[in-house]
Amino acid sequence: MEPAREIWQRVLGELQIQVSKANYTTWLKNSHGVSCQEDTFVVGVPSAFVAEWLTKRLHSLIRKTLAEIIGRDIDVQFTVHNQDQPQDDLVHANQTDGGISTKAKIDRFNPRYTFDSFIVGNCNHLAYATALEIAENPGRTYNPFFIYGSTGQGKTHLLHAIGHKATSKGLQAIYISADRFTNEFVLAIKQRQVEEFRNQFKSIHILLFDDIQFIANKKQTQQCFFHVFNELYNNNCQIAITSDCAPQDMTLLSNKLKSRLACGLITSIEPPDFDTRLSILRAKAKEMMTSISDEVLQLLTERIKGNVRQLEGALIYLTAQAKLTGEELTPQRINRLLTSITSKQGRKVILQTVVDYFDLSIEELIGKKRDRKTALARRAVIYLMREERNCSFAEIGKELGNRTHVAIAHSYKKMANEINANQELKAGIMEIKRSLDLESEG
Ligand code: ADP
Ligand code: MG
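Residues numbered from 1 in each chain as written. Chains lettered and ligands numbered in written order. Predicted model: local features only at pLDDT ≥ 70, side-chain atom pairs only at ≥ 80, totals over all residues. Heavy atoms only, no water.

**Student:** Got a minute to help me understand the site of ligand 1 in this structure?
**Tutor:** The environment of ligand 1 is formed by 19 residues, the closest being Ile 119, Gly 152, Thr 156, His 157 and Glu 312. His 157 has a polar side-chain atom sitting 2.7 Å from an oxygen atom of ligand 1. Between ligand 1 and Arg 309 there is a distance of 2.9 Å, counted from an oxygen atom to a side-chain nitrogen or oxygen. Against a free-state accessible area of 560 Å², the protein chains account for coverage of 95% of ligand 1. A per-class count over the shell around ligand 1 returns five nonpolar, nine polar and five charged. (Near = heavy atom within 4 Å. Polar contact = N/O pair within 3.5 Å; in protein donor to acceptor, adjacent residues only side chain to side chain. Areas by Shrake-Rupley, 256 points an atom, 1.4 Å probe, with all protein chains shown as cover. Nonpolar A, V, L, I, M, F, W, Y, C, P; charged D, E, K, R; others polar.)

This is the structure in structure tokens:
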């Protein structure tokens, strides 16, 4: 398959679980990847109307999802383009909506995330074996089942794998991220439908709850989740939860919930070692049917020590580049391409970590907002890109929505002085630095 098509199929797989079923079917289902160039990814859609709608409504979600998949930020353009074949095969993996009356969108699973496609190594074998066991025998032994580990290590993948397996045996499983749970709960409050919201979890066998850390600081949402949890637990329904850290390290998670979690099995996924990373890359290369040599895969494994998502992203990006330029992927060329990816990635990681810390979006940060919080977050990015990644003021300016290097230099100086004078700010920056170190380790 052409790399752009392959990449877009993966993006669709992710989007399918992030947008509502109606939106997916109307706007995304009949789209396809046309080309993947250095700075722009082109998506073909059936009409100008669809192109306009996607540009207005889903552009930033699509861009973010695409960036996660290929491991670097890239612009997305929609163009009217007929494809030879409709991509119907993408939706066949949708599970039935049977029994769950309201939000049909939350029980769909990414077709790529199965047990078969999960590579097992020392780092994850316990999580894998337990996930398989609970998919076979839900609600029996390991309940609740809690997996924690840093980003991109396969936690979501395992939850979906449980969902596939259980639904194939006729069981009802719901996958929902804590983020989405929060949004829908808030909406339910507004519409006075909290009861209905909670009811949709009633008649299921398995609840797959992703990224619980997102509700740790949300009191009401946690309370609602606690009720859902108890009701399922008392009915012997299986609950599987993921997080980026162990329950005891989530200071804001309620003690009631923590003690419930402690009754089940808590296991971690560690970053994969060299052999596991290589096996994962070999499997992904096979799945993508690329002609990349094993020597190149080994080189990639050595160079990219981050998480599996980055590894996969690099492989996809390099394959696309090779196809685009027609040049063979020699070790020298790989080294050159990787240097450009990793420095771009380093800047992206800073941006993401800072917006997460300040609870802003990337758009807000690089946009024109000038309130105190946004301005401070922007200065933090400038300071960290300079200090941690040695970026030039011009590079930073480009990253932050084309600001001039003079403005950046000014902000940098201001921030350096502020940090010296303000202990609290200093502590905040140290905390962000610690999360950055965690991101780039591995
Ligand atoms: P997390 O939820 O931990 O952040 P994901 O489950 O989203 O991570 O995984 C990121 C990407 O890496 C996905 O494409 C997933 O399929 C892949 N991946 C992670 N771990 C493995 C593994 N052990 N075997 C195969 N693919 C993996
Ligand atoms: Mg995840």
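There's plenty left to go through after this.
**Student:** For this particular structure, what's the right way to read the nonpolar core?
**Tutor:** Across soluble globular proteins, nonpolar side chains have a tendency to be buried as a group. The biggest cluster of nonpolar side chains holds 48 residues, and the ones touching the most others in it are Ile 7, Trp 8, Leu 28, Phe 41, Leu 54 and Ile 62. Counting residues per element, this core draws most heavily on helix α13 (residues 308–325), at eight residues. Other than its neighbours up to four places away in sequence, Leu 54 contacts Trp 27, Leu 28, Val 45, His 59, Ile 62 and Phe 78. (Core = buried A, V, L, I, M, F, W, Y, C linked by side-chain atoms within 4.5 Å. Buried < 20%, exposed > 50% of the residue type's maximum accessible area, 1.4 Å probe, protein only. Helix = DSSP H or I, 4+ residues; strand = E, 2+ residues; numbered from the N terminus. Contact = heavy atoms within 4.5 Å.)

**Student:** Is there a simple way to think about the sheet that holds strand β8 (residues 265–268) in this case?
**Tutor:** Note on sheets: strands pair through backbone hydrogen bonds, and any given pair is parallel or antiparallel. As summarised here, the arrangement of the five strands in space is β5-β6-β7-β4-β8, forming an open sheet in which the pairing is parallel. Two strands close off the open sheet at either side, each with one partner strand: β5 (173–177) and β8. Adjacent strand axes in the sheet meet at a mean angle of 15° when their direction is disregarded. Strand contacts of helix α9 (residues 219–234): β6 (206–210) and β7 (238–243), with the helix running at about 140° to β7, the strand carrying the most contacts. (Pairing = 2+ DSSP bridges. Axes fitted to C-alpha atoms, helices over the stretch in contact; angles between N-to-C directions.)

**Student:** Just checking my understanding: could you explain unusual backbone geometry for this structure?
**Tutor:** Trans is the prevailing form of peptide bonds, just as negative phi is the prevailing case for residues other than glycine. The peptide bond linking Asn 143 to Pro 144 adopts the cis configuration, its omega dihedral lying at -5°. By the element assignment, Pro 144 lies in the loop between α5 (125–136) and β4 (145–148). Here the phi dihedral of Asp 211 falls at roughly 60°; this positive angle occurs in a residue that is not glycine. Tracing the chain through its elements places Asp 211 in the loop between β6 and α9.

**Student:** When you look at the packing of aromatic side chains in this model, what are you seeing that I'm missing?
**Tutor:** In this description, an aromatic ring pair is defined by two values, namely the gap between the centres and the angle between the planes. Tallied over the full model, the rule gives 17 aromatic pairs. Judged by centre distance (5.1 Å) and plane angle (65°), the rings of Phe 181 and Phe 197 are edge-to-face. Here the residue Phe 181 occupies a position in helix α7 (residues 178–190), and Phe 197 occupies one in helix α8 (residues 194–199), the gap between them amounting to 16 residues. Neither Phe 181 nor Phe 197 differs from the other in exposure class; each is buried. Taken together, the ring pairs connect Phe 181, Phe 185, Phe 197, Phe 201, Phe 209, Phe 225, Phe 229 and Tyr 233 into an aromatic cluster. Taking NZ or CZ as reference, Arg 386 lies 4.1 Å from the ring centre of Phe 393, over its face. (Phe/Tyr/Trp six-rings, centres within 6.5 Å; stacked < 30°, edge-to-face > 60°. Lys NZ or Arg CZ within 6 Å of the ring centre and 35° of its normal.)

**Student:** Even after reading the chapter, I still don't get the pairing of strand β1 (residues 32–36), so can you show me in this structure?
**Tutor:** On a regular strand, each side chain points to the face opposite its neighbour's, so the side chains alternate between the two faces of the sheet. Burial within β1 is extensive, with four of its five residues counted as buried. Bridge analysis of β1 against strand β2 (residues 40–45) gives four bridges, and the strand direction is antiparallel. If you follow Gly 33 over to β2, its bridge partner there is Val 43. Remark: three residues form the turn of the hairpin made by β1 and β2, two consecutive strands paired antiparallel.

**Student:** What is the right way to read the sheet that holds β2 from this model?
**Tutor:** Across the sheet, which stays open at both edges, the three strands sit in the order β1-β2-β3 with mixed pairing between neighbours. The sheet is open, and its two borders are formed by β1 and β3 (75–80), each paired with just one other strand. Direction aside, the axes of adjacent strands within the sheet are offset by 30° on average. Docked against the sheet, helix α3 (residues 48–57) engages β2 and β3, running at close to 160° with respect to β3.

**Student:** Explain the state of the cysteines here, please?
**Tutor:** Covalent bonding between the sulfur atoms of two cysteines is what defines a disulfide. Counting across every chain of the model gives zero disulfides. Among the cysteines around Cys 123, which has no disulfide bond, Cys 245 carries the closest sulfur, lying 19 Å off. In this structure Cys 123 comes out as buried when scored by relative accessible area, which is 10%. With no disulfide of its own, Cys 245 lies 19 Å from the sulfur of Cys 263, the closest cysteine sulfur. (Disulfide = S-S within 2.5 Å.)

**Student:** What is the right way to look at the packing of helix α16 (residues 372–389) against helix α18 (residues 405–421) in this model?
**Tutor:** To characterise two packed helices, one gives the angle between the axes of the helices and the distance between these axes. Between α16 and α18, whose axes approach to 9 Å, the crossing angle comes to 95°. With respect to each other, α16 and α18 are oriented roughly perpendicular. On α18, the residues that touch Leu 376, Arg 379, Ala 380, Ile 382, Tyr 383, Arg 386 and Glu 387 of α16 are Ile 408, Ser 411, Tyr 412, Lys 414, Met 415, Ala 416, Glu 418 and Ile 419. A class-by-class count of the residues in the contact of α16 with α18 yields nine nonpolar, one polar and five charged. (Parallel < 35°, antiparallel > 145°, perpendicular 65-115°, else oblique.)

**Student:** Looking at this structure, I do not really get the packing of helix α4 (residues 59–70) against α13. What am I missing?
**Tutor:** Look at α4 against α13: their axes get within 6 Å of each other, and the N-to-C directions meet at 90°. The angle between the axes of α4 and α13 places the two elements in the roughly perpendicular class. Taken together, the residues of α13 that come into contact with α4 (itself represented by Glu 68, Ile 69 and Ile 70) are Arg 309, Glu 312, Gly 313, Ala 314, Ile 316 and Tyr 317. In the contact of α4 with α13, the residues fall into five nonpolar, one polar and three charged.

**Student:** What is the right way to look at α18 in this model?
**Tutor:** Each full turn of the α-helix corresponds to 3.6 residues, which orients residues three or four apart in the same direction. With 17 residues, α18 extends 25 Å between its outermost C-alpha atoms, agreeing within 8% with the 24 Å of an ideal straight helix rising 1.5 Å per residue. Among the residues of α18, those classed as buried are Ile 408, Ser 411, Tyr 412, Met 415 and Ile 419. Down the axis, α18 shows its buried residues gathered within 105° of arc, on one side only. Structural note: α18 exposes Val 406, His 410, Lys 413, Asn 417, Asn 420 and Ala 421 on the side pointing more than 90 degrees away from its buried face. (Expected span 1.5 Å × (residues − 1). Arc of directions from axis to C-beta.)

**Student:** For this particular structure, what's the right way to read the pattern of salt bridges?
**Tutor:** Pairing between side chains of opposite charge can happen when the charged atoms of each approach one another. In this structure the tally under the stated criterion is 18 salt bridges. Between Arg 282 and Asp 294 there is a salt bridge, with the nearest N and O atoms lying 2.8 Å from each other. Here Arg 282 is found in helix α11 (residues 274–288), whereas its partner Asp 294 is found in helix α12 (residues 294–303), with 12 residues between them in sequence. Taken together, the shared-partner salt bridges in this structure form one network comprising Glu 6, Arg 10, Arg 112, Lys 284, Glu 287 and Glu 312. (Salt bridge = Lys/Arg side-chain N within 4 Å of Asp/Glu carboxyl O.)

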